Each structure stands twice: as structure tokens, then as C-alpha cells.
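Notes for the structure review
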Amino acid sequence: QVQLVESGGGLVQPGGSLRLSCAASGRIFNIYAMGWYRQPPGKQRELVATITLAGSPNYADFVKGRFTISRDNAKNSVYLQMNNLKPEDTAVYYCNARFPGTDSWGQGTQVTVSS
């Protein structure tokens, strides 16, 4: 069993910043990538950013230059620094951990960008 616990969501004005955190625990010895996905209201879940064990990031085009993903392998954690937030970034953000043949998901954290 793997547990992923997200934190850091909330309400922010357009142009503001938030930092999401995700801590993994349990049977995590063979995680090879972690990342963030989001599900906007009424839409499907979509990739935001991922990062490999070696620290190689991958971003969706709509967040390039605004969001930064990072990880701390010693803490089994992954982070998402979100800058210059826009109303269209409003969504539930989910932490993801990728294992050989399967994925684990966190419970999600709400991010609302509104004035």
C-alpha cells in the first residue's frame, strides 16, 4: 500500500502563487516517477507536470514558464510551485506516483484562482 498526502491548495487571486506538496509513504521503494495532474470543473483529469527519480521534469504546455516541479527523494516528496496563476488553473490537483505497471493517487487538493 502507498499513501500520498497532498497539501497547499487554497484560494488565490489571479497572478498569485501557491506551492503544493505531496508526501509518499508505505511501499514506495520502487517509485520511478512522481507528478501532478489536475481536474478542472466539468473536465477530464489532465497532466500538469511529472518528474523522474533522477530529477528530469516534464510539463504540460499550458504551465511552462509558470509552474515548477521538484522532488526531495530523501523525504519521498514532490512539490509544485505555481506562479502567475490564472482562473483557468482552477481545479482539483492530484499527486501521482508511478510504479512498474501501476499508479497511485492522492485524494486531491482544491486550487481556486479567483478575484
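See the structure above.
All of the points below concern the structure found in this document. All residue numbers refer to position in the chain's written sequence, counted from 1. Residues qualify for local features only when their pLDDT is at least 70, as the model is predicted, and side-chain atom pairs are given and counted only at 80 or more; totals for whole chains, interfaces and linings, by contrast, use all residues. With hydrogens and water excluded, all non-hydrogen atoms of the structure serve as input to the side-chain values.

**A few points about the environment of Arg45**
Applicable threshold: For helices the rule is a DSSP run of H or I covering at least 4 residues; for strands it is a run of E covering at least 2, with both sets numbered from the N terminus onward. Relative accessibility decides the category of a residue: with a 1.4 Å probe and only protein chains considered, values under 20% of the type maximum give buried, values over 50% give exposed, and everything between is partly exposed. Residue contacts are counted whenever heavy atoms from the two residues lie within 4.5 Å of one another.
Position of Arg45 among the secondary structure elements: in the loop between β4 (33-39) and β5 (46-52). Owing to a relative accessible area of 35%, Arg45 belongs among the partly exposed residues under this scheme. A sequence separation of eleven residues divides Arg45 from Met34, and the C-alpha atoms of the two residues are 16 Å apart. Apart from the residues lying within four places of it in its own chain, the contact partners of Arg45 are Tyr37, Arg38, Gln39, Tyr94 and Trp105.

**Brief notes about the sheet that holds strand β1 (residues 2-7)**
As a reminder, the rule being used: Pairing between strands requires that DSSP locate at least two bridges from one strand to the other. Only the stretch in contact is used when a helix axis is fitted, and all axes are lines through C-alpha atoms; the angle between N-to-C directions ranges over 0 to 180 degrees.
Across the sheet, four strands lie side by side as β1-β3-β8-β7; this open sheet has antiparallel pairing. Strands at the two margins of the open sheet, each flanked by one partner only, are β1 and β7 (67-72). Each strand axis lies, on average, 15 degrees off the axis of its neighbour in the sheet, ignoring direction. With six bridges joining them, β1 and strand β3 (residues 18-26) adopt antiparallel strand pairing. Counterpart to Ser7 in the pairing with β3 is Ser21.

**Structural notes on the state of the cysteines**
Our working definition: Any pair of cysteine sulfurs within 2.5 Å is marked as a disulfide.
Counted under the stated rule, the structure contains one disulfide. Through a disulfide, Cys22 is tied to Cys95; the S-S separation comes to 2.0 Å. Disulfide Cys22-Cys95: the torsion about the S-S bond is -80 degrees, which places it as left-handed. Highlighted residues: Cys22 in strand β3 and Cys95 in strand β9 (residues 91-99), separated in sequence by 73 residues. In this structure, Cys22 and Cys95 share a single accessibility class: buried.

**So, the pairing of β9**
Of all nine residues in β9, seven are buried, a share of seventy percent or more. Judged from the seven bridges that link them, β4 and β9 form a sheet pairing that is antiparallel. When the sheet's bridge partners are listed, Gly35 is paired in β9 with Asn96. Where β9 lies against strand β11 (residues 109-113), three bridges are found, and the strand directions are antiparallel. Bridge pairing in β11 places Tyr93 opposite Thr109. Adjacent in sequence and paired antiparallel, β9 and strand β10 (residues 102-105) are bridged by two residues, among which Gly101 carries a positive phi angle near 85 degrees.

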